Amino acid sequence: MSKSDRPTETLTDRLFATERQPEDFRFDAAVARVFPDMIRRSVPGYTTIIPMIEVITEQYAQAGSNCYDLGCSLGASTLAMRHGIPFGDCTLVGIDNSAAMIERCEHYIALDDHSLPVSLRCENIQDTELSDASVTTLNFTLQFVPPEERSALLSRIAKATRPGGVLILSEKIRFESEDEQDTQTRLHHEFKRANGYSDLEISQKRSAIEQVLIPETLSAHTQRLKESGFDRVLVWYQCFNFVSMLAIKAD
Ligand SMILES: Nc1ncnc2c1ncn2[C@@H]1O[C@H](C[S@+](CC[C@H]([NH3+])C(=O)[O-])CC(=O)[O-])[C@@H](O)[C@H]1O
Ligand SMILES: O=C(O)C(=O)Cc1ccccc1
């Protein structure tokens, strides 16, 4: 096996470093190979959010319930949930519709020495079966679901959630004020530059995700979470245009 084929080798993301034909971003094998580096260098707060998912899971997981990580990629949030769940009789399920991600995710799960089994499913989260949930995580995944299809998914999650259970929802957001949108976007791009991305990488990635990752405002998210069946919504983290919310179902 060559060095670059080792499934958990940390590789540097250079996918947008040279000029390329405009093409929509996809979670294919090339992205899966560099994903840990890409997400860490691209999403402000990602390295803080992951360990906090463990803390939040520990607070809200319920004995005998199901915990879901929807859009689990390589399992970073899945593993945080695994370490947070304080009950041996919970079922932890990671779901992603990218075969390349799920295949690599299996390796990360296997390397993590922990007794709670993780069940991985290569499925579309929009029609995957959900039931008896206490903690569900959508860590930067809902943003890739077409906006008009987001309510149906959130309603299914809320319906499947036990009283006192939660949804952890992390998203790239946009702002109502054009001024704030410009400032936060500039700061996000500065974060990427500080992490070694060139102007070409930033602009080519921006074009590739434009039609694929659709950010919405915080108020749109909050309103829809409430209409979907969650009782309380709070923001527990924000860095620039990246936020994480906690949507809670009343006891
Ligand atoms: N409809 C869908 N069904 C299933 N999976 C999907 C769908 N749409 C997108 N995905 C999957 O959602 C993941 C989004 S990444 C999540 C990071 C992870 N949560 C982490 O904490 O490291 C975030 C990002 O790249 O910004 C990808 O693996 C997609 O294949
Ligand atoms: O890179 C960006 O600009 C983002 O908004 C985050 C991101 C991270 C990983 C895949 C797609 C988008």
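Residues numbered from 1 in each chain as written. Chains lettered and ligands numbered in written order. Predicted model: local features only at pLDDT ≥ 70, side-chain atom pairs only at ≥ 80, totals over all residues. Heavy atoms only, no water.

Caption draft 1: Summary view of the sheet that holds strand S3 (residues 118-122). In spatial order, the strands read S3-S2-S1-S4-S5-S7-S6; together these 7 strands make up an open sheet with mixed pairing. Each edge of the open sheet carries a strand with a single partner, namely S3 and strand S6 (232-239). Taken pair by pair, the neighbouring strands of this sheet meet at an average axis angle of 15°, ignoring direction. Examined bridge by bridge, strand S2 (residues 91-96) and S3 share 5 bridges and lie parallel to one another. For Ile-95, the partnering residue across the bridge sits in S3 and is Arg-121. (Pairing = 2+ DSSP bridges. Helix = DSSP H or I, 4+ residues; strand = E, 2+ residues; numbered from the N terminus. Axes fitted to C-alpha atoms, helices over the stretch in contact; angles between N-to-C directions.)

Caption draft 2: View of the site of ligand 2. In the vicinity of ligand 2, the contacting residues are Phe-25, Met-38, Ser-42, Val-43, Lys-172, His-188, Lys-192, Lys-205, Ile-209, Leu-213 and Phe-242. Lys-192 places a polar side-chain atom, nitrogen or oxygen, 2.8 Å from an oxygen atom of ligand 2. If ligand 2 stood free it would expose 320 Å²; the protein chains cover 96% of that surface. Breaking the shell around ligand 2 down by element, the ones donating at least two residues are helix H1 (29-42), helix H6 (178-194) and helix H7 (199-209). By residue class, the composition of the shell around ligand 2 is 6 nonpolar, 2 polar and 3 charged. (Near = heavy atom within 4 Å. Polar contact = N/O pair within 3.5 Å; in protein donor to acceptor, adjacent residues only side chain to side chain. Areas by Shrake-Rupley, 256 points an atom, 1.4 Å probe, with all protein chains shown as cover. Nonpolar A, V, L, I, M, F, W, Y, C, P; charged D, E, K, R; others polar.)

Caption draft 3: Spotlight on the UniProt feature "binding site: S-adenosyl-L-methionine" (unreviewed entry) in the chain. This chain's UniProt record puts "binding site: S-adenosyl-L-methionine" (unreviewed entry) on Tyr-46, Gly-71, Cys-72, Ser-73, Asp-96, Asn-97, Asn-139 and Arg-206. A maximum C-alpha distance of 22.9 Å among these annotated residues, which run over 161 residues, shows that they spread across the structure rather than meeting at one spot. By the element assignment, Cys-72 lies in the loop between strand S1 (66-70) and helix H3 (76-84). Look at Cys-72 and you get buried, because its relative accessible area is 3%. With sequence-adjacent residues up to four places away left out, Cys-72 is seen in contact with Thr-78, Gly-94, Ile-95, Asp-96, Ile-102, Cys-105 and Leu-120. Residue placement: Ser-73 occurs in the loop between S1 and H3. Given the relative accessible area of 13%, Ser-73 is considered buried. For Ser-73, the residues in contact, after removing those within four places along its chain, are Phe-35, Asp-96, Met-101 and Cys-105. (UniProt positions renumbered as here; feature names shortened; annotations may be inferred. Buried < 20%, exposed > 50% of the residue type's maximum accessible area, 1.4 Å probe, protein only. Contact = heavy atoms within 4.5 Å.)

Caption draft 4: Summary view of the site of ligand 1. Around ligand 1 lies a shell of 23 residues, among which Tyr-46, Gly-71, Ser-73, Asp-96 and Asn-139 are the nearest. Residue Ser-77 places a side-chain N or O atom 3.0 Å away from an oxygen atom belonging to ligand 1. In isolation ligand 1 exposes 660 Å². Once the protein is present, 94% of that is buried. Taken together, the elements giving at least two residues each to the shell around ligand 1 come down to H1, helix H2 (46-60) and H3.

Caption draft 5: Representation of the UniProt feature "domain: Methyltransferase" (unreviewed entry) in the chain in the model. Per the UniProt annotation, the sites labelled "domain: Methyltransferase" (unreviewed entry) are residues 69-165. Segment residues 69-165 splits into 34% helix and 26% strand. End C-alpha atoms: 14 Å apart.

Caption draft 6: Structural context of the environment of Gly-45. With respect to the helices and strands, the residue Gly-45 is situated in the loop between H1 and H2. The exposure class of Gly-45 is buried, given its relative accessible area of 12%. In this structure the C-alpha to C-alpha distance between Gly-45 and Ser-134, which are 89 residues apart in sequence, comes to 24 Å.

Caption draft 7: How the structure looks around H7. What H7 keeps buried is the set Glu-201, Ile-202, Gln-204, Lys-205, Ala-208 and Ile-209. Here the buried face of H7 lies against H1, strand S5 (161-172) and H6.

Caption draft 8: Representation of the pattern of salt bridges. Enumeration according to the criterion identifies 11 salt bridges in this entry. A salt bridge links Arg-40 to Asp-37, with the nearest nitrogen and oxygen atoms 3.1 Å apart. Linking Arg-40 with Asp-37, this pair stays in helix H1, spanning 3 residues, or about one helical turn. On the basis of relative accessible area, Arg-40 is assigned to the partly exposed category, the value being 41%. According to the relative accessible area criterion, Asp-37 is buried, its value standing at 7%. (Salt bridge = Lys/Arg side-chain N within 4 Å of Asp/Glu carboxyl O.)

Caption draft 9: Molecular detail of helix H8 (residues 218-227). Within the sequence span of H8, burial applies to His-221, Arg-224 and Leu-225. Down the axis of H8, the sector holding all buried residues measures 105°, keeping them to one side. Tucked into the core, H8 has its buried residues touching helix H5 (150-160), S5, S6 and strand S7 (242-248). Phi for Gly-229, located one or two positions after H8, is positive at around 120°. (Arc of directions from axis to C-beta.)

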